[in-house]
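As a plain string of letters, each chain reads:
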Amino acid sequence: MPSVFIKTYGCQMNERDSEAVAAQLVAKGYSLAASEAAADVVLLNTCSVRDFAEQKAINKMRNLLGTARSEKRDQIVGFMGCMAQSRGRELIDRLPDVDLVLGTQKFHRAAEYLDELLAGKRRQIVDIAAEAKSEAAIREHLLNGSAKTSVSAFVSIMQGCNQHCTFCIVPATRGAERSRTIPDIVAECRELVARGVKEITLLGQIVTSYGRREKSDAWQVSAGTNLTGELPTVPRQPSLTPFVQLLEAVHEIEGLERIRFTSPHPKGYGDDLVDAYARLPKLCECAHLPLQSGSDRMLKLMHRGYTREKFAGIIRKLRAARPGIGITTDIIVGFPGETEEDFEQTLSLCRAVEFDNAYIFKYSERRDTPAATMPDQVSVPVREERNQRLLELVNTLAARKYDAFIGRQVQILVEGPSRKNAARFTGRTRCNKIVLFDGGERHRGQLMDVRIERTGSFTLYGDPAVVNLSSP
Ligand code: SAM
């Protein structure tokens, strides 16, 4: 049977989509190749959020095609995911030897299309059409029941976004919001827990809007069974948003230890979600709130739907509900029209809020988005300079947060050997900080306490022995 190699660009949603496609192909008898050179099929799962990510994937494909041609290799190559969706046939016009272009609502068709291409039944396939219920098709996982079983898994709960931020291409790449049913999601989570998973991260482009567009009660209990064939029935509670109802349903799963979610929208942190942090112990004390800008003028131009005061208020409430909660954010610098004064508002809000970490993005024009044609585009050197200044501030504030952990005992879930240094093992605190310690295979999958001894860049170094010695 043929072998496949999938290279993923972009976010955790893309990682999850790649995993689901790989699992689907493995179930059909494909093997996973160790490298692209050794593969019969190479798929690039692409990202469109910034131009840089698109150019990287296009250059990669050009190199793949060049190598395959010079080595006279008969390799099937394809684009899938966000850029495949937004550019479609245009990719074939630029790179005519590409065999497959698979959109974001077509991941579940990968095996069928690759079979046709490998058998020579079709020479080239482009499919980016919308498909009803495709949001429920990202379901299969690569867990294999061996010692390599993951302790942490991602579960896709919804697709698309209706927020239409003026800078963002996501509505064009992922479509309108569509959510899976609670029973279907709970069944997938139960299967994962039965296979050894202890931590689940619920995924979507705007998870806090989960289920908002699916109104009927029938949606709550339609399709989807769990391993025992029972349908967990979750009565609709008008006072709770569907997302909080979903958190409650997942929280009930026996054996599941930790729940996280990403990516939310600040507007979605209503009182019921803040309250969920206070009353659902499995919901980890970490929250990602994409700020984008600290200037109300910019927030309005971005179509974000909140002010800096409202944003700071949500953080105050979250910290009151769960003291010690880890808070991270996304910020865009150099959005059209951003003045030095606007940028300083972002710096001042960062100083006031003290994020644990911030992902900083230089604004990137995305075609067909309103911001791309706004006046007063900020020059590239100014975007670069603001990026550096903000990075320095974020790193200084984060280092202080990390240093505060020295001497403290924290619970970690051990994921496996560190990628950079196999002699060390890596785990994650409940507030989502990476901890490295001298561990072994026996620690994998364990929830254990470590004492933090020192810090590095966005890393804590722990000592499990010290805790064991001091235990009664
Ligand atoms: N749910 C998130 C939100 O509330 O905005 C969106 C997640 S988006 C896939 C990840 C991040 O990419 C955004 O939060 C934003 O900071 C960044 N981003 C999106 N479009 C961008 C653009 N045109 N230029 C630079 N950064 C962008």
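Located above this text is the structure these notes cover.
Cut-off values and rules
- Residues numbered from 1 in each chain as written.
- Predicted model: local features only at pLDDT ≥ 70, side-chain atom pairs only at ≥ 80, totals over all residues.
- Heavy atoms only, no water.
- Helix = DSSP H or I, 4+ residues; strand = E, 2+ residues; numbered from the N terminus.
- Rg over C-alpha atoms; globule rule 2.2 N^0.38 Å.
- Buried < 20%, exposed > 50% of the residue type's maximum accessible area, 1.4 Å probe, protein only.
- Lys, Arg positive; Asp, Glu negative; His and termini not counted.
- Charge placed at Lys NZ, Arg CZ, Asp CG, Glu CD.
- Patch = residues over 30% accessible without salt bridge, like charges linked within 9 Å, V, L, I, M, F, W, Y side chains within 5 Å.
- Areas by Shrake-Rupley, 256 points an atom, 1.4 Å probe, with all protein chains shown as cover.
- Salt bridge = Lys/Arg side-chain N within 4 Å of Asp/Glu carboxyl O.
- Near = heavy atom within 4 Å.
- Polar contact = N/O pair within 3.5 Å; in protein donor to acceptor, adjacent residues only side chain to side chain.
- Pairing = 2+ DSSP bridges.
- Axes fitted to C-alpha atoms, helices over the stretch in contact; angles between N-to-C directions.
- Disulfide = S-S within 2.5 Å.
- Core = buried A, V, L, I, M, F, W, Y, C linked by side-chain atoms within 4.5 Å.
- Contact = heavy atoms within 4.5 Å.
- Right-handed = clockwise from strand over helix to strand, strands pointing away.
- Expected span 1.5 Å × (residues − 1).
- 1 Å grid on protein atoms, 1.4 Å probe; cavity = no way out; pocket = protein on both sides within 12 Å on 5 of 7 lines; lining within 4 Å.
- Points joined across faces, edges and corners; volume = space filled by probe spheres on them.
- Nonpolar A, V, L, I, M, F, W, Y, C, P; charged D, E, K, R; others polar.

Q: Got a minute to help me understand the overall build of the protein in this structure?
A: A tally of regular secondary structure across the protein gives 15 helices and 19 strands. Taking 472 residues into account, the globule formula puts the C-alpha radius of gyration at 23 Å, and the protein, at 23 Å, falls close to it. Among the 472 residues that make up the protein, the fraction classed as buried is 54%. Of the charged side chains in the protein, 65 are positive and 59 negative; the average position of the first set lies 1 Å away from that of the second.

Q: Help me understand a nonpolar patch on the surface, please; the structure alone is not making it clear to me.
A: On the surface, a nonpolar cluster with roughly 220 Å² of combined accessible area is contributed by Val 26, Leu 32 and Leu 142. The residue Leu 32 is located in strand 2 (residues 31-32) in this model. Judged by relative accessible area, which is 44%, Leu 32 ranks as partly exposed.

Q: Looking at this structure, how should I read the site of the ligand?
A: Within the structure, the ligand sits among 17 residues, and Ser 263, Gln 292, Arg 304, Asp 330 and Ser 364 are positioned closest to it. Between the ligand and Gln 205, the relevant distance is 3.2 Å, taken from a nitrogen atom to a main-chain nitrogen or oxygen of the residue. Surface burial for the ligand is 91%, taken as the share of its 570 Å² of free accessible area covered by protein chains. Listing elements by their share of the shell around the ligand, those giving two or more residues are strand 13 (326-333) and strand 14 (357-362).

Q: Even after reading the chapter, I still don't get the pattern of salt bridges, so can you show me in this structure?
A: Per the stated rule, a full pass over the model turns up 40 salt bridges. A salt bridge links Arg 279 to Asp 275; the nearest nitrogen and oxygen atoms lie 3.2 Å apart. In this pair, Arg 279 and Asp 275 are both assigned in helix 10 (residues 271-279), four residues apart and thus about one turn of the helix distant. Taking relative accessible area as the criterion, Asp 275 reaches 40% and is therefore assigned partly exposed. Bridged by salt links that share partners, the residues Arg 16, Glu 19, Arg 139, Arg 180, Asp 184, Glu 188 and Glu 191 form one connected network.

Q: I would appreciate a short explanation of the sheet that holds strand 15 (residues 409-417) in the present structure.
A: To summarise the sheet geometry, strands pair through backbone hydrogen bonds and adopt either a parallel or an antiparallel arrangement. With mixed pairing, five strands are arranged side by side around a closed barrel as 15-16-17-19-18. The mean inter-strand angle of the sheet, taken between neighbouring strand axes irrespective of direction, is 55°. As defined by bridge partners, strand 17 (residues 434-437) adjoins strand 19 (residues 459-463) across two bridges and the pair is classed as parallel. Within the sheet, the bridge partner assigned to Leu 436 lies in strand 19 and is Tyr 461.

Q: I keep staring at helix 9 (residues 242-251) and nothing clicks. Help me out?
A: Two residues of an α-helix separated by three or four positions point the same way, owing to the 3.6 residues in each turn. Helix 9 sits mainly inside the fold: ten of its ten residues count as buried. Of all the positions in helix 9, only Pro 242, Phe 243, Val 244, Gln 245, Leu 246, Leu 247, Glu 248, Ala 249, Val 250 and His 251 are classed as buried.

Q: Looking at this structure, I do not really get the state of the cysteines. What am I missing?
A: Taken as a whole and assessed by the stated rule, the structure comprises zero disulfides. Free of any disulfide, Cys 168 has its nearest neighbouring cysteine sulfur in Cys 165, separated by 6.0 Å. For the unlinked cysteine Cys 431, the closest cysteine sulfur is that of Cys 286, found at 7.6 Å. Judged by its relative accessible area of 10%, Cys 431 falls in the buried class.

Q: What should I look at first to understand unusual backbone geometry in this one?
A: With the exception of glycine, the majority of residues adopt a negative phi angle, and the majority of peptide bonds are in the trans configuration. Ser 263 follows Thr 262 through a cis peptide bond whose omega is 5°. Here Lys 133, not a glycine, exhibits a phi torsion of approximately 70°, which is positive. Tracing the backbone through its elements, the reader meets Lys 133 in the loop between strand 6 (125-127) and strand 7 (152-156).

Q: When you look at the nonpolar core in this model, what are you seeing that I'm missing?
A: Nonpolar side chains in soluble globular proteins tend to be buried together. Counting residues in each nonpolar core, the largest one holds 62 residues, and the members touching the most others are Ile 157, Leu 202, Phe 243 and Phe 261. Not counting residues within four places of it along the chain, the set of residues in contact with Leu 202 comprises Val 155, Ile 157, Val 207, Phe 243, Leu 246, Leu 247, Ile 259, Arg 260, Phe 261 and Thr 262.

Q: Is there a simple way to think about the pairing of strand 14 in this case?
A: Where a strand is regular, its side chains alternate between the two sheet faces. Where strand 13 lies against strand 14, six bridges are found, and the strand directions are parallel. If you follow Thr 328 over to strand 14, its bridge partner there is Asn 357. What joins strand 13 to strand 14 is helix 13 (residues 340-353), and the crossover it makes is right-handed.

Q: Where do I start with the sheet that holds strand 13 in this structure?
A: One open sheet holds the three strands; their spatial order is 12-13-14, and the pairing between them is parallel. Of all the strands in the sheet, the pair left with one neighbour each is strand 12 (286-288) and strand 14. Recorded for the sheet is a direction-independent mean angle of 15° between the axes of neighbouring strands. Bridge analysis of strand 12 against strand 13 gives three bridges, and the strand direction is parallel. Residue pairing across strands places Ala 287 opposite Ile 327, the latter belonging to strand 13.

Q: Please clarify how helix 1 (residues 12-27) should be interpreted in this entry.
A: End to end, helix 1 covers 22 Å across 16 residues, agreeing with the expected 22 Å (1.5 Å per residue, within 8%). Within the sequence span of helix 1, burial applies to Met 13, Asn 14, Arg 16, Asp 17, Ser 18, Ala 20, Val 21, Ala 22, Ala 23, Gln 24 and Leu 25. Positioned one or two residues after helix 1, Gly 29 has a phi angle of 105°, which is positive.

Q: So what exactly am I meant to see when it comes to empty space enclosed by the protein here?
A: Take a probe with the size of a water molecule and roll it over the atoms, and the empty space left behind shows itself. This model, assessed by the stated rule, comprises one cavity of 30 Å³ or more. Considering only enclosed or pocket space, the largest cavity measures out at about 30 Å³ in volume. The wall of the largest cavity is formed by Cys 350, Phe 355, Ala 358, Val 394 and Leu 397. Considering only residue class, the lining of the largest cavity consists of five nonpolar, no polar and no charged.

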